[in-house]
Amino acid sequence: MKNIYFDHAATTPVDARVLEKMMPYFSDNFGNPNSQHAFGRRSVCAVDEARDTVASLIGAKPSEIYFTSGGTESDNWAIRGAAHANAQKGKHLIVSAVEHPAMITTAKELEKEGFEVTFAAVDEFGRVDIAKLEGAIRPDTTFIGVMTANNEVGTIQPIAEISALARERGIVFFTDAVQAAGAIPLNVNDPAVDMLSFSGHKFYGPKGVGVLYVRSGKRIGKIITGGHQERSMRGGTTNVPGIVGLAEALRLATADLSQNAAYVASVRDHFIARVLNEIPYVKLNGHPKDRLPNNANFSFRYVEGESLLFSLDLAGIAVSSGSACSSGSLEPSHVLLAMGLPEGLAHGSIRFSFGKENTIQEADYAVDKLKEIIVKLRALSPLFPKDLKNEVY
Ligand SMILES: *Cc1c(COP(=O)(O)O)cnc(C)c1O
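Reading the values: the criteria
- Residues numbered from 1 in each chain as written.
- Predicted model: local features only at pLDDT ≥ 70, side-chain atom pairs only at ≥ 80, totals over all residues.
- Heavy atoms only, no water.
- Helix = DSSP H or I, 4+ residues; strand = E, 2+ residues; numbered from the N terminus.
- Contact = heavy atoms within 4.5 Å.
- Near = heavy atom within 4 Å.
- Polar contact = N/O pair within 3.5 Å; in protein donor to acceptor, adjacent residues only side chain to side chain.
- Areas by Shrake-Rupley, 256 points an atom, 1.4 Å probe, with all protein chains shown as cover.
- Nonpolar A, V, L, I, M, F, W, Y, C, P; charged D, E, K, R; others polar.
- Pairing = 2+ DSSP bridges.
- Axes fitted to C-alpha atoms, helices over the stretch in contact; angles between N-to-C directions.
- Buried < 20%, exposed > 50% of the residue type's maximum accessible area, 1.4 Å probe, protein only.
- Arc of directions from axis to C-beta.
- Left-handed = near helix turned anticlockwise from the far one by under 90°.
- Parallel < 35°, antiparallel > 145°, perpendicular 65-115°, else oblique.
- Domains from an automatic or database assignment.
- Buried area = accessible area lost by both parts, 1.4 Å probe.
- Phe/Tyr/Trp six-rings, centres within 6.5 Å; stacked < 30°, edge-to-face > 60°.
- Lys NZ or Arg CZ within 6 Å of the ring centre and 35° of its normal.

Structural notes on the environment of Ala346
Working step 1: Here Ala346 shows up in helix H12 (residues 343-347).
Working step 2: In this structure the C-alpha to C-alpha distance between Ala346 and Pro139, which are 207 residues apart in sequence, comes to 36 Å.
Working step 3: For Ala346, the residues in contact, after removing those within four places along its chain, are Ser299, Pro332, Leu336, Leu337 and Leu341.

If you want it as structure tokens, here you go:
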């Protein structure tokens with residue numbers, strides 16, 4: 001029985017070198033950085049060092065880095081914190097229609113509080129329509145949030161243009177870089193952004209730890225109140241091993257970025273080429289070129305995404321249908337619908353997301369299994385045209 005993991009956009013294993021760096025902070029160096037003794041001081045040093053590392057890797061100052069519990073908290077903090085801090089200036093927010101649920105759901109919560117939200121449209125590739133976004137900007141717009149790259153279809157957004165539009169009007173620009181971190185180069189000054197989020201577990205670091213970058217001079221409200229941690233902006237005893245692990249994972253991911261990206265893209269491109277050549281009635285979703293190196297998202301016509309996922313799982317191949325967060329529900333993905341995919345195709349979508357430990361042999365095995373499974377599922381489908389059933393592929 002194979003055990004092939006093609007779901008790196010959902011999470012990644014912790015790199016052994018990261019784990020090794022974290023271990024002492026669970027046991028010997030367990031001190032609370034808020035404590036006034038040697039145990040505490042050792043932890044303060046570790047967190048300071050991690051903050052310096054993270055800051056220098058993304059072109060930020062250490063004072064602009066806030067450690068959080070992950071991407072979801074960072075996204076919540078960015079939109080809520082900015083919306084509340086600027087509420088006297090205006091109550092209109094813009095986020096793209098293809099943001100992660102951490103943003104979309106929070107934006108909808110803010111609507112209930114009296115904020116107005118425009119969900120900016122995307123084109124057929126999932127890219128934000130710049131003209132429409134510019135048209136949606138109002139005098140009372142205080143926040144624009146567009147992700148650097150999409151978690152479902154991998155499309156990379158024109159962040160530089162969007163950020164320029166926002167910032168030249170004094171509107172706070174935030175980008176969710178959770179999928180981008182470790183996959184494409186990140187620098188908060190190129191293109192210049194006001195806020196940016198990422199999460200350790202998406203680039204071979206630990207789960208439950210993330211970062212929110214906030215440019216100095218930009219005001220945001222607090223969402224977690226408590227002690228004086230994170231310069232009194234986010235209470236809660238510091239997750240020292242997590243923070244140490246996140247910094248080490250980002251350091252390794254950045255050092256190996258071009259090499260890893262090229263390798264992962266070569267496995268992914270081989271996989272895409274075989275699927276498109278050998279399986280009929282299939283569509284590659286997302287942008288053909290401007291996409292993350294690890295992402296392949298397909299819609300298989302006449303096939304139900306969930307059935308395909310379960311059959312692949314039985315064959316020992318782990319993938320995701322639609323988005324991991326909404327799997328289990330039969331709602332088609334909001335991302336594919338925003339891209340204008342008909343419901344039939346949106347329901348048959350599967351995301352394969354590759355990682356540095358995957359091989360061409362695994363990709364080949366997966367394509368072979370996929371072909372077998374799709375023939376079987378289509379033969380059972382009442383929607384599949386009868387005259388195509390005996391077609392050999
Ligand atoms: C995974 C993900 C998140 C959520 O991050 P967590 O650390 O899992 O909370 C947010 N945005 C994007 C684009 C993601 O892929």
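Remarks on the site of the ligand
Working step 1: The local shell around the ligand holds 13 residues, among which Thr72, Asp176, Gln179, Ser199 and Lys202 are the closest.
Working step 2: His201 is positioned such that a nitrogen or oxygen atom in its side chain is 2.8 Å from an oxygen atom of the ligand.
Working step 3: Considering the ligand on its own, with 390 Å² of exposed area, one finds that the protein chains cover 88% of that surface.
Working step 4: Per-element accounting of the shell around the ligand gives the leading share, three residues, to helix H3 (residues 71-85).
Working step 5: Split by residue class, the shell around the ligand holds two nonpolar, eight polar and three charged.

Quick notes on the sheet that holds strand E9 (residues 282-285)
Working step 1: Pairing is antiparallel in the open sheet, where four strands are placed in the order E9-E10-E13-E12. Edge positions in the sheet fall to E9 and strand E12 (320-321), since each of these pairs with one other strand and no more.
Working step 2: Sheet topology note: the strand E10 (residues 295-300)/strand E13 (residues 349-353) ladder contains five bridges and is antiparallel. Each bridged residue has a counterpart across the sheet, and for Phe298 the counterpart in E13 is Ile350.
Working step 3: Against the sheet, helix H9 (residues 257-278) touches E9, E10 and E13, its axis set at about 15° to E10.

Notes on helix H10 (residues 305-314)
Working step 1: Listed as buried for H10 are Gly305, Glu306, Leu308, Leu309 and Leu312. Buried residues along H10 cover an arc of 160° about the axis, so they all sit on one side.
Working step 2: Elements that come into contact with the buried residues of H10 comprise E10, strand E11 (317-318), E12, H12, E13 and helix H13 (360-380).
Working step 3: Among the residues trailing H10, Gly316 stands out with phi positive, at a value near 85°.

A word on the packing of H3 against helix H4 (residues 101-112)
Working step 1: Direction vectors running N to C along H3 and H4 enclose 30°, while the axes themselves pass 9 Å from each other. Crossing of H3 against H4: the hand is right-handed. Each of Thr72, Asp75, Asn76, Ile79, Arg80, Ala83 and His84 in H3 lies in contact with H4, whose residues at this interface are Ala102, Met103, Thr106, Ala107, Glu109 and Leu110.
Working step 2: Looking at side-chain class alone, the contact of H3 with H4 contains six nonpolar, four polar and three charged residues.

A word on helix H6 (residues 159-167)
Working step 1: Here H6 has its buried residues at Ile159, Ile162, Ser163, Leu165 and Ala166. Seen from one end, H6 has its buried residues packed into an arc of 160°, which puts them on one side.

Describing the pairing of strand E8 (residues 210-214)
Working step 1: Of all five residues in E8, five are buried; the element is thus mostly enclosed.
Working step 2: Across the two faces of E8 the burial is the same, with Gly210, Leu212 and Val214 and Val211 and Tyr213 all buried.

A short note on the packing of helix H2 (residues 38-58) against helix H8 (residues 240-255)
Working step 1: It is the contact of H2 with H8, at a shortest axis distance of 9 Å, that shows an interaxial angle of 30°. As summarised for this structure, H2 and H8 are arranged roughly parallel, according to the angle between their axes. In the crossing of H2 with H8, the sense of the turn from one axis to the other is left-handed. Listed contacts from H8 to Ser43, Ala46, Val47, Ala50, Thr53, Val54, Leu57 and Ile58 of H2 are Val240, Ile243, Val244, Leu246, Ala247, Leu250, Arg251 and Thr254.

Topic: the domain arrangement of the protein chain
Working step 1: Structurally, the protein chain comprises domain 1 (4-11 + 257-380) and domain 2 (16-255).
Working step 2: If you look at the interface, domain 1 gives 29 residues, while domain 2 gives 34 residues.
Working step 3: For the pair domain 1 and domain 2, the summed buried surface comes to about 2500 Å²; carbon and sulfur atoms form 56% of the total.
Working step 4: Contact with domain 2 buries surface across domain 1, with Leu257, Leu292 and Met339 losing the most and accounting together for 27% of the total.

A short note on the packing of aromatic side chains
Working step 1: A full pass over the atoms with the stated rule returns 14 aromatic pairs.
Working step 2: For the pair Phe6 and Phe271, a centre-to-centre distance of 6.1 Å together with 70° between the ring planes defines the contact as edge-to-face. Within this pair, whereas Phe6 is found in the loop between strand E1 (4-5) and helix H1 (16-22), its partner Phe271 is found in helix H9, the two being separated by 265 residues in sequence. The same class applies to Phe6 and to Phe271, which are both buried.
Working step 3: Ring pairs connect the aromatic residues Phe6, Phe271, Phe298, Phe300, Phe352 and Phe354, which therefore count as one cluster.
Working step 4: Here Arg42 stacks its cationic end above the ring of Phe39, 5.2 Å away from the centre of that ring.
Working step 5: A cation over an aromatic ring shows up here: Lys108 above the ring of Phe119, its NZ or CZ 5.9 Å from the ring centre.

Describing the environment of Tyr213
Working step 1: Residue placement: Tyr213 occurs in strand E8.
Working step 2: We classify Tyr213 as buried; its relative accessible area is 0%.
Working step 3: Residues Tyr213 and Lys61, spaced 152 residues apart in sequence, show a C-alpha to C-alpha distance of 9.3 Å.
Working step 4: Look past the residues within four positions of Tyr213 in its chain and what remains in contact with it is Ile58, Ala60, Glu64, Ile65, Val188, Val193, Asp194, Met195 and Leu196.

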